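Per-entry structural report
One letter stands for each residue in the lines below.
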Amino acid sequence: MAKRNEKGSVFLVAALAAVISVLAAQATLVVAVGYTDGDKIQKVVYEEVMKAKAKAPGFIRLVFHDCFVRGCDASVLLLKTPTNPDGKTEKDSPFNGGLRGMEVIDIIRNRLLASGTKISCADAIVFAAREAANILSNGNIKYPVDGPGRKDGVVSSIDDPPNFLPSPSSKFVDLLARFKVKELNMTDLVALSSAHCIGVFHQTPIMSSNASKTMSTYALAVAEEASTSTNGAGVKINVRDMGEKARNISMYQPNQVNMSAVGVLDNSYFNANVQNMVPFDSDFELTLNGTTLKLMNDYKKDAKLWKVAFEAAMTKLSNTLKAPAGSLFEEGYRVKCNATNYDAYPHQA
């Protein structure tokens, strides 16, 4: 007998059970997607990310915010779920404020589907981040990822991101603990933090670990940049990419950084961080540990060493993060990336 819940959704368990089965674990990934000539998936994803290049830094952030919470399951895209009919999903969390490029994920999938290739929303997020890293690094960053074969999740809650994602004000101990939970190590923490060399931010710098920071020349440079930004464009996260006036105010020392590589994903983050010219307290925290500080100085001096570490960390982020207990997945793929295929699912035995 059908049972109606308080929101009016009908749980047609018997009928749905004949149509779907909800999996409790990720399916085995069936094929490795690398940088190879003629790879149709890669070609399509690259072209669509290139069209949306202004949002490319957002794809790298998107894969982190998706995979770090419930594994790579596209739960960050959902507007509502069968257990959250009124919303309040991961997207609504302040931790996910300002995420961009979500609409491109559907564009990628629809274009591939039109040519006879199906991938999940979760796959599309991972592939878009990889191509964004390649494009933003001017072809320098190339790393393999598994797939297609990831399953699209049907669980998404506003309560999850604070439990997994680090915040801009996280202390070092908390940063390391959250990475360890996801089987990522200290090297991965430093390498992935370097993605903060691209994009913009929209808040006053938080520097509680270094109170004098709020009155520093960097803070004055941020204020200068904010005064010249238009339409809420935000402030360049990399002091190297700021306008000449702001850079001069900051007293930034290039130290062999390529100053013409504006908007490029490279190792310039480390040069800025060791000079205390980063916007988030979580970035500055990396200078307070001897091991991470040494890694940063090594990567600042050796771009090839950084490249290897960043590529390895992005592969781990994209492939190996496990879904937490209680995860449920679509059988097949979501029709739309921001909605589950059904309003209700059969209860598991």
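Keep in mind that what you see is a predicted model, and the values were worked out from it rather than measured.

Inspection of every chain in the model, using the stated rule, returns seven aromatic pairs. Ring centres of Phe-64 and Phe-68 lie 4.5 Å apart, and the angle between their planes is 20°; this geometry places the pair in the stacked category. Placement of both Phe-64 and Phe-68 in helix H3 (residues 56-70) is noted, with a separation of four residues, approximately one turn of the helix. For the pair Phe-64 and Phe-68, a shared accessibility class is recorded, and that class is buried. Here Phe-64 and Phe-179 contribute two aromatic rings whose centre-to-centre distance is 6.1 Å and whose plane-to-plane angle is 40°, an arrangement assigned as tilted. Of this pair, Phe-64 sits in helix H3 while Phe-179 is found in helix H7 (residues 172-181), placing the two residues 115 residues apart along the sequence. Given a relative accessible area of 15%, Phe-64 falls into the buried group. Judged by its relative accessible area of 3%, Phe-179 falls in the buried class.

Moving on, we get to the environment of Lys-304. Among the secondary structure elements, Lys-304 is positioned in helix H14 (residues 303-319). Along the chain, Lys-304 and Asn-267 lie 37 residues apart, while their C-alpha atoms are 9.1 Å from each other.

Turning to the confidence of the model for the protein chain, a few remarks are in order. Of the residues in the protein chain, 83% reach a pLDDT of 70 or more, and the chain-wide mean stands at 85. In this model, residues 1-31 is a region of pLDDT below 50 whose contacts with residues beyond four sequence positions or in other chains number 58 contacts. A low-confidence stretch, residues 205-209 (pLDDT under 50), is modelled with 20 contacts involving residues beyond four sequence positions or located in other chains.

A word on the state of the cysteines. Evaluated as defined, the whole model comprises two disulfides. Each disulfide pairs two cysteine sulfurs, and for Cys-121 the partner residue is Cys-337, the sulfurs being separated by 2.2 Å. Taking the torsion about the sulfur-sulfur bond, which here is approximately -95°, the covalent link between Cys-121 and Cys-337 counts as left-handed. Of the two residues, Cys-121 is situated in helix H5 (residues 121-136) and Cys-337 in the segment after H14; the sequence distance between them amounts to 216 residues. This pair shows no difference in class: Cys-121 is buried, exactly as Cys-337 is. Here the bonded cysteines of the protein chain are numbered in sequence order, and their pairing is 1-2, 3-4.

Within the element layout of this structure, Glu-224 appears in helix H9 (residues 217-228). The class for Glu-224 is buried, based on a relative accessible area of 17%.

H14 packs onto helix H8 (residues 186-193) with a crossing angle of 105° between their chain directions and a minimal axis gap of 8 Å. Between H8 and H14, the crossing angle belongs to the class labelled roughly perpendicular. Contacts between H8 and H14 involve Thr-187, Asp-188, Ala-191 and Leu-192 from the former and Trp-306, Ala-309, Phe-310, Ala-313, Met-314 and Lys-316 from the latter. Residue composition of the contact of H8 with H14, grouped by class: seven nonpolar, one polar and two charged.

Moving on, we get to helix H13 (residues 290-301). Every α-helix winds through 3.6 residues per turn, so residues three or four apart in the chain are directed the same way. Taking 1.5 Å of rise per residue, twelve residues should cover 16 Å, and H13 covers 17 Å from first to last C-alpha, within 8% of that figure. Listed in full, the buried residues belonging to H13 are Thr-292, Leu-295, Met-296 and Tyr-299. An end-on view of H13 places all buried positions within 100° of arc, on one side of the element. Exposed positions of H13 whose direction lies more than 90 degrees from the buried face are Gly-290, Lys-294 and Lys-301. Summarising the contacts, the buried residues of H13 are in contact with H7, H8, helix H11 (268-274) and H14. A distance of 2.9 Å separates the backbone nitrogen of Thr-291 from a side-chain oxygen at the start of H13, and that oxygen is part of Asn-289.

Next up on the list: the packing of H13 against H14. Between H13 and H14, the least distance of the axes is 5 Å, while the angle of their chain directions is 120°. Judged on the interaxial angle alone, H14 and H13 are oblique. Taken together, the residues of H14 that come into contact with H13 (itself represented by Asp-298, Tyr-299 and Lys-301) are Ala-303, Leu-305, Trp-306 and Ala-309. Residue composition of the contact of H13 with H14, by class: five nonpolar, no polar and two charged.

Next up on the list: the environment of Leu-62. Checked against the element boundaries, Leu-62 lands in helix H3. You can call Leu-62 buried: its relative accessible area is 0%. Spatially, the C-alpha atoms of Leu-62 and Met-102 are 8.2 Å apart, while their sequence positions differ by 40 residues.

Before going further, it helps to spend a moment on H14. The end-to-end C-alpha separation of H14 is 24 Å, in line with the 24 Å expected for 17 residues at 1.5 Å each. Of all the positions in H14, only Trp-306, Ala-309, Phe-310, Glu-311, Ala-313, Met-314, Thr-315, Leu-317 and Ser-318 are classed as buried. Elements that come into contact with the buried residues of H14 comprise H3, H5, strand S4 (145-146), H8, H11 and H13. Measuring from the side-chain oxygen of the N-cap residue of H14 to the backbone nitrogen of Lys-304 gives 3.1 Å; that N-cap residue is Asp-302.

In the segment running from Gly-147 into Pro-148, the intervening peptide bond is cis, with an omega of 5°. Along the polypeptide, Pro-148 turns up in the loop between S4 and helix H6 (161-164). In the Ramachandran plot, Asn-138 falls in the positive-phi region, its phi being about 55° despite a non-glycine side chain. Here Asn-138 is to be found in the loop between H5 and S4. Overall, the relative accessible area of 61% leaves Asn-138 in the exposed class. The backbone phi angle of Asn-276 is positive, close to 65°, even though this residue is not glycine.

The rules behind the values
- Numbers given for residues are sequential positions, taken from 1 along each chain in its written order.
- Two thresholds apply to this predicted model, a pLDDT of at least 70 for residue-level local features and 80 or more for giving and counting side-chain atom pairs, whereas whole-chain, interface and lining totals are computed over all residues.
- Only heavy atoms go into the side-chain values, all of them from the structure, while hydrogens and water stay out.
- Working definition: a ring pair exists when centres of Phe, Tyr or Trp rings (six-membered ring for Trp) sit within 6.5 Å. Plane angles under 30 degrees give stacked, over 60 give edge-to-face, the rest tilted.
- Counting from the N terminus, the helices are the DSSP runs of H or I reaching at least four residues and the strands are the DSSP runs of E reaching at least two.
- Whether a residue is buried, partly exposed or exposed follows from its accessible area with a 1.4 Å probe, protein chains only, as a fraction of its type maximum: under 20%, in between, or over 50%, in that order.
- Known as pLDDT, the predictor's per-residue confidence is scaled from 0 to 100.
- A contact between two residues is defined here by any heavy atoms of the two lying within 4.5 Å.
- In what follows, a disulfide is any cysteine sulfur pair within 2.5 Å.
- Here an axis means a line fitted to C-alpha atoms, over the contact stretch when the element is a helix, while the angle between two N-to-C directions is reported on a 0 to 180 degree scale.
- Orientation categories follow fixed angle ranges, with anything under 35 degrees roughly parallel, anything over 145 roughly antiparallel, 65 to 115 roughly perpendicular, and all other angles oblique.
- Side-chain classes follow a simple rule in which Ala, Val, Leu, Ile, Met, Phe, Trp, Tyr, Cys and Pro form the nonpolar group, Asp, Glu, Lys and Arg form the charged group, and the remainder, Gly included, forms the polar group.
- Expected span of a helix: the number of residues minus one, times 1.5 Å.
- Directions are taken from the helix axis to each C-beta atom, and the arc is the one they span.
- Contacts described as polar in this section are N or O atom pairs within 3.5 Å, which, within protein, must combine one atom able to donate a hydrogen with one able to accept it, while residues neighboring in sequence count only if both atoms come from side chains.

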